[in-house]
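Descriptive analysis of the structure
Residues per chain are reported as follows:
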Amino acid sequence: MNRAVLLRIAACGLLGLGSGLLIAALLLSTYTSSRIQQIPLNLDARLVSSGTGTVLDPQSLSTPHFRTTENTPVEAVRAITVEQPSGPTKVTLQVGDLVRRTDKQEDQGLLLALVDTVSLDRSTALPIPDSGFLQRPRTIEHPEPAVPKPLPHEGLTYRFPFDTEKKSYQVFDPIAQVAEDANYVGEDDVNGLTAYKFVQNIGYDSTGEKLAKPVAYRSLYENDEDAEVTALASMWGLEGVDPEEQITMKRFYAASRTFWVDPVSGTIVKTKEHANHYYARDGLHPERTLSDYTVTSTSDTVEHQVAAARSERDRIGLWTRVLPISFTAAGLVALIAGAVLGAFGLRTEAALIDPGLDNGGGLFGRRPPDTGPMPAAEAETEKLPAHRPDLMLDQGPSSDPK
């Protein structure tokens, strides 16, 4: 196999490699990226928020007057796991929410507990239509298994979409069982990560401080025993009313939340929540506080979520930016190298066919005329035809001189 054939094979190989790398880069930046930007199927998080609030003292339920305590330590815990059915296009999240006062033991400190289950589109983070149900966990008073309550979700739940934009998003609240706008308000630095900040108000006005449209609490119990309570006016602490009069009050709910979101992965890296559960005859005029607290993500939770967001960023960046750019650069280099080798191979093949092309200048032509005198060893020579001597056939034998 001569040199020209080898050069031709190498050139074809480089051209094929370059074309393949460019095609791979195109696929990674279009087709593959949509499959990389998906909610992971291995989510398993325990998110903790802590703070203080004014809460009802459970021991006062058996006394003549309901009593609340201020500056009570409160902890909110959210556990997120992946359940079936989950697969290539959807993921089912089971989310358990627990709010308790930490100065009381076990059920004596329980303020809120529920389990929410919803199936999400792994690409858009939106709920699958007609999916989702809500249930209360077992308690000492209600040890029987709770019957899941169908609850179709709307808007976003527990995550924001990939490539989060600076706009308003509808975010579902499982307590109010409605979706309300979470409005973009700016950017913040969260442990070195640039996060988008969104604020959502449910029942409050745009300031998050004044009640506007509080939500009537929707009980998870069959008899709505925690959504409506009847007690003596004296127990409610009402004035100007017969102390022995039975007064029925409804439970209302309002909340103001702030989300800090990683815009690349849609991961919520930090939250702050002000929730207000209270009893009243008129929702706009609270009469007895059940729990009015403000909690913020703990430093450990923020650190965990930021690490998860960075991991998602790295994975997405690898497949959507680093590899496509690297493949494109390598493909262009391979194509250029293949083209050069191809031209070199053609020249070599031509030189083998016509050796005159290789005189003096090798593969790239003859020696330039202005490079000075040519060494004698390299000078071209020309063979001249030799003439045969006359045989003088017509002359006779010579005589000896006398």
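Residue indices follow the written sequence of each chain, beginning from 1 at its first position. Only residues with pLDDT of 70 or above have their local features reported here, since the model is predicted, and side-chain atom pairs are shown and tallied only from 80 upward, although totals for entire chains, interfaces and linings are computed over all residues. The side-chain values count all of the structure's non-hydrogen atoms but skip hydrogen atoms and water molecules.

Tallying secondary structure elements over the chain gives three helices and 14 strands in all. Across the 402 residues in the chain, those meeting the buried criterion constitute 39%. Strands here are runs of E lasting at least two residues and helices are runs of H or I lasting at least four, both read from the DSSP assignment and numbered beginning at the N terminus. When a residue's accessible area, from a 1.4 Å probe over protein chains only, is under 20% of the maximum for its type it is buried; when over 50% it is exposed; and in between it is partly exposed.

Two kinds of site are reported from a 1 Å grid over the protein atoms alone, namely cavities, where a 1.4 Å probe fits but cannot get out, and pockets, open sets with protein on both sides within 12 Å along at least five of seven lines, and residues are called lining when an atom falls within 4 Å of a point. Grid points are joined across faces, edges and corners, and a volume is the space filled by probe spheres set on the points. Summed over all chains, the structure comprises one cavity of 30 Å³ or more. The computed volume of the largest cavity comes to approximately 40 Å³. If you trace the largest cavity, you find it lined by Leu114, Leu134, Pro174, Ile175, Gln177, Tyr217, Arg218 and Leu220. Looking at the lining of the largest cavity residue by residue, the class counts come to six nonpolar, one polar and one charged. Only Asp, Glu, Lys and Arg are considered charged in this grouping, and only Ala, Val, Leu, Ile, Met, Phe, Trp, Tyr, Cys and Pro are considered nonpolar; every other residue, Gly among them, is considered polar.

Like-charged residues within 9 Å of one another, or nonpolar side chains (Val, Leu, Ile, Met, Phe, Trp, Tyr) within 5 Å, are grouped into patches, provided each residue has over 30% relative accessible area and no salt bridge. With residues, only the protein chains shown are counted as cover, and all accessible areas are computed by Shrake-Rupley using a 1.4 Å probe. The rule for a salt bridge is simple: a side-chain nitrogen of Lys or Arg has to be within 4 Å of a carboxyl oxygen of Asp or Glu. Taken together, the side chains of Leu318, Trp319 and Val322 present a nonpolar region at the surface, about 250 Å² in accessible area. By the element assignment, Trp319 lies in helix H3 (residues 299–353). Judged by relative accessible area, which is 33%, Trp319 ranks as partly exposed.

Let us now look at the pattern of salt bridges. Charged atoms that come close allow side chains of opposite charge to pair. If you walk through the whole model with that rule in mind, you get eleven salt bridges. Its salt-bridge partner being Asp97, residue Arg78 comes within 2.7 Å of it at the nearest N-O pair. Placement of the pair is Arg78 in strand E2 (residues 68–83) and Asp97 in strand E3 (residues 90–101), with a sequence separation of 19 residues. For Arg78, a relative accessible area of 28% gives the class partly exposed.

For this analysis, a nonpolar core means a set of buried residues of the types Ala, Val, Leu, Ile, Met, Phe, Trp, Tyr and Cys, connected via side-chain atoms within 4.5 Å. By size, the foremost hydrophobic cluster in this structure holds 24 residues, and its most contacted members are Phe160, Phe198 and Phe259. For this core, the elements supplying multiple residues, two or more each, are strand E1 (44–56), E3, strand E4 (110–121), strand E7 (169–173), strand E9 (193–202) and strand E12 (246–261). Here this core gets three residues from one element, more than from any other, and that element is E3. Throughout, a contact is declared for two residues whenever any of their heavy atoms are within 4.5 Å. With near-sequence residues (within four places) excluded, Phe160 lies in contact with Ala125, Tyr169, Val171, Ala182, Phe198, Phe259, Val261, Ser265, Gly266 and Ile268. Of all hydrophobic cores here, the second largest spans 23 residues; its members include Leu112, Leu151, Ala176 and Ala275.

This brings us to unusual backbone geometry. Residue Pro85 follows Gln84 across a cis peptide bond; omega there is 5°. With respect to the secondary-structure elements, Pro85 resides in the loop between E2 and E3. Located in the positive-phi region is Asn71, a residue other than glycine, with phi close to 50°. Its location among the elements puts Asn71 in strand E2. Given a relative accessible area of 64%, Asn71 falls into the exposed group. One non-glycine residue, Tyr158, lies in the positive phi region at around 70°. Take Tyr158: it is sitting in the loop between strand E6 (149–150) and E7.

The next point concerns the environment of Glu83. Here Glu83 lies in strand E2. Of the residues examined, Glu83 reaches a relative accessible area of 31% and is grouped as partly exposed. Each C-alpha atom of the pair Glu83 and Leu93 lies 6.0 Å from the other, and the pair is ten residues apart in sequence.

To continue, consider the UniProt feature "transmembrane region" (unreviewed entry) in the chain. UniProt's feature table lists "transmembrane region" (unreviewed entry) at residues 322–346, given in the numbering used throughout. Between the end C-alpha atoms of residues 322–346 there is a gap of 36 Å, over a span that is 100% helix and 0% strand. UniProt positions are given in the numbering used here, feature names are shortened, and annotations may be inferred rather than shown by experiment.

This part is about the environment of Ser297. Of note, Ser297 is situated in strand E14 (residues 288–297). Separated by 25 residues in the primary sequence, Ser297 and Lys272 place their C-alpha atoms 6.6 Å from one another. Not counting residues within four places of it along the chain, the set of residues in contact with Ser297 comprises Val48, Ser49, Lys270, Thr271 and Val302.

Turning next to the environment of Ala45. Note on placement: Ala45 falls in strand E1. A residue is classified by how much of its surface remains accessible, and Ala45, at 15% relative accessible area, is buried. Spatially, the C-alpha atom of Ala45 lies 8.7 Å from that of Gln305, the residues being 260 residues apart in sequence. Not counting residues within four places of it along the chain, the set of residues in contact with Ala45 comprises Arg78, Ala79, Ile80, His304 and Gln305.

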